[in-house]
Amino acid sequence: MNVTPAVDRTLVTWHRMVAQRDMSALPGLLHPDAVFRSPAAFNPYQGVEALTLILTTVLLEVFEDFTYHRELASDDGRNVVLEFSAKVGGRDLKGIDMIRFDDHGKITDFEVMVRPASGLQALGETMGRKIGAQLAAFKKEGF
């Protein structure tokens, strides 16, 4: 995969965190104005606190048997797509993380797409039960 050195450092840290199930270094990988685009909500969530809450919850408490399969990068080396599979509430799902980075390797945009609809529904319901009330404060309007 052809990414910039800064993006490569961030991805190495990201994959290590996921493998070790330790998201404590996540805030340091995020741009202060980073945006998370959920597969289950139209309006994105903004800020380090929002992304940390969402990604930590989904990776440590919601997804089971989470595995990355492929990585693809844009020509400029600052946009990466990570293909994954997981289970949520007994439902199998496949998805992609589309991640945009700044010049310093900080994550500026993290968008997730999930299929099939039954897996997305299970994901949305589970995340809603776990952190739905907290997420409302982070929605970015106007998108």
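Okay, so let's go over this structure. (Residues numbered from 1 in each chain as written. Predicted model: local features only at pLDDT ≥ 70, side-chain atom pairs only at ≥ 80, totals over all residues. Heavy atoms only, no water.)

**Describing unusual backbone geometry**
And then number 1: With an omega dihedral of -5 degrees, the bond running from R115 to P116 counts as a cis peptide bond.
And then number 2: Locating P116 in the fold gives a position in the loop between β6 (107–115) and α4 (117–135).
And then number 3: The phi torsion at R21 lies on the positive side, around 55 degrees, for a residue other than glycine.
And then number 4: Inspection of the secondary structure puts R21 in the loop between α1 (5–20) and α2 (26–29). (Helix = DSSP H or I, 4+ residues; strand = E, 2+ residues; numbered from the N terminus.)

**A short note on the sheet that holds strand β1 (residues 30–37)**
Two modes of strand pairing occur in sheets, parallel and antiparallel, and in both the strands are linked by backbone hydrogen bonds.
And then number 1: The strand order across the open sheet built from six strands is β2-β1-β6-β5-β4-β3, with neighbouring strands paired in mixed fashion. Here the strands that pair on one side only, and so sit at the sheet edges, are β2 (45–46) and β3 (64–73).
And then number 2: One ladder, built from two bridges, connects β1 with β2; its direction is antiparallel. When the bridges of β2 are listed, F36 appears paired with Y45.
And then number 3: Contacts between helix α3 (residues 48–62) and the sheet are confined to β1, β2, β3, β4 (79–88) and β6, with β1 contributing the most and set at about 55 degrees to the helix.
And then number 4: Docked against the sheet, α4 engages β2, β4, β5 (91–101) and β6, running at close to 65 degrees with respect to β5. (Pairing = 2+ DSSP bridges. Contact = heavy atoms within 4.5 Å. Axes fitted to C-alpha atoms, helices over the stretch in contact; angles between N-to-C directions.)

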